[in-house]
Amino acid sequence: MSKAEFTCTVVPAYLEDQSLPERHEYAFSYTVTIVNTGEVPAQLIGRHWLITDATGHIEEVRGLGVVGHQPLLQPGEQFEYTSWTRLNTPHGVMHGTYFCMTDDARSFEAPIPAFTLARQQSLH
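Residues numbered from 1 in each chain as written. Predicted model: local features only at pLDDT ≥ 70, side-chain atom pairs only at ≥ 80, totals over all residues. Heavy atoms only, no water.

Along the protein, the regular secondary structure elements total 0 helices and 8 strands. For the protein, the N- to C-terminal ordering of α and β elements is β-β-β-β-β-β-β-β. Oriented by its inertia axes, the alpha-carbon framework of the protein measures out at about 55 × 25 × 20 Å. For the protein, buried positions account for 40% of its 124 residues. A fraction of 66% describes how many contacts in the protein between residues 6 or more apart in sequence connect residues 24 or more apart. Put simply, the protein shows about 6,900 Å² of open surface, and 51% of that area lies on carbon and sulfur atoms. Averaged over its 7 positive side-chain charges, the protein has a centre that lies 4 Å from the centre of its 14 negative ones. (Helix = DSSP H or I, 4+ residues; strand = E, 2+ residues; numbered from the N terminus. Buried < 20%, exposed > 50% of the residue type's maximum accessible area, 1.4 Å probe, protein only. Contact = heavy atoms within 4.5 Å. Areas by Shrake-Rupley, 256 points an atom, 1.4 Å probe, with all protein chains shown as cover. Lys, Arg positive; Asp, Glu negative; His and termini not counted. Charge placed at Lys NZ, Arg CZ, Asp CG, Glu CD.)

In structure tokens form, the structure reads like this:
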């Protein structure tokens, strides 16, 4: 049986112009690159995110696709998208899982490694 695998990398950024620190609202974008590193075509079907702020509060997000897409990737192809989230603290952590399906209907999960959301001023 051929290997099915997606590899994910994430680049986060603080959105200063969309944040209101005086109201404890901190906005962050994150750009995700998903690469089909497997041997068979596969489609991203759904997502599950865990977003943890600095107080330990966890927000869970589940849904179909990403930014309105359910990309079908051939081996070696990639899909990139940018989304955003808002925290009540100047830093936090996100990680998650993509739920995927091969073109012969085998399901698999692609882990999204944890990454830090941080307003630079709050780290000093």
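Next comes the rest of the write-up.
Along the polypeptide, Thr102 turns up in strand β7 (residues 91-102). We classify Thr102 as buried; its relative accessible area is 4%. With sequence-adjacent residues up to four places away left out, Thr102 is seen in contact with Ala4, Val40, Pro41, Ala42 and Phe108.

Turning next to the sheet that holds strand β1 (residues 6-14). Strand order in the open sheet made by the 3 strands is β1-β2-β6, with antiparallel pairing throughout. Of all the strands in the sheet, just β1 and β6 (78-87) have a single pairing partner and so form its edges. Sheet twist, expressed as the mean angle between neighbouring strand axes with direction ignored, is 20 degrees. As judged from the 10 bridges shared by strand β2 (residues 26-36) and β6, these two strands associate in the antiparallel manner. When the bridges of β6 are listed, Tyr30 appears paired with Ser83. (Pairing = 2+ DSSP bridges. Axes fitted to C-alpha atoms, helices over the stretch in contact; angles between N-to-C directions.)

So, on to the pattern of salt bridges. According to the stated counting rule, one finds 4 salt bridges in the structure shown. Between Arg23 and Glu25 there is a salt bridge whose closest N-O contact spans 3.5 Å. Residue Arg62 is joined to Glu60 by a salt bridge in which the shortest nitrogen-to-oxygen separation is 3.2 Å. Taking the relative accessible area as the measure of exposure, Glu60 reaches 47% and is therefore partly exposed. (Salt bridge = Lys/Arg side-chain N within 4 Å of Asp/Glu carboxyl O.)

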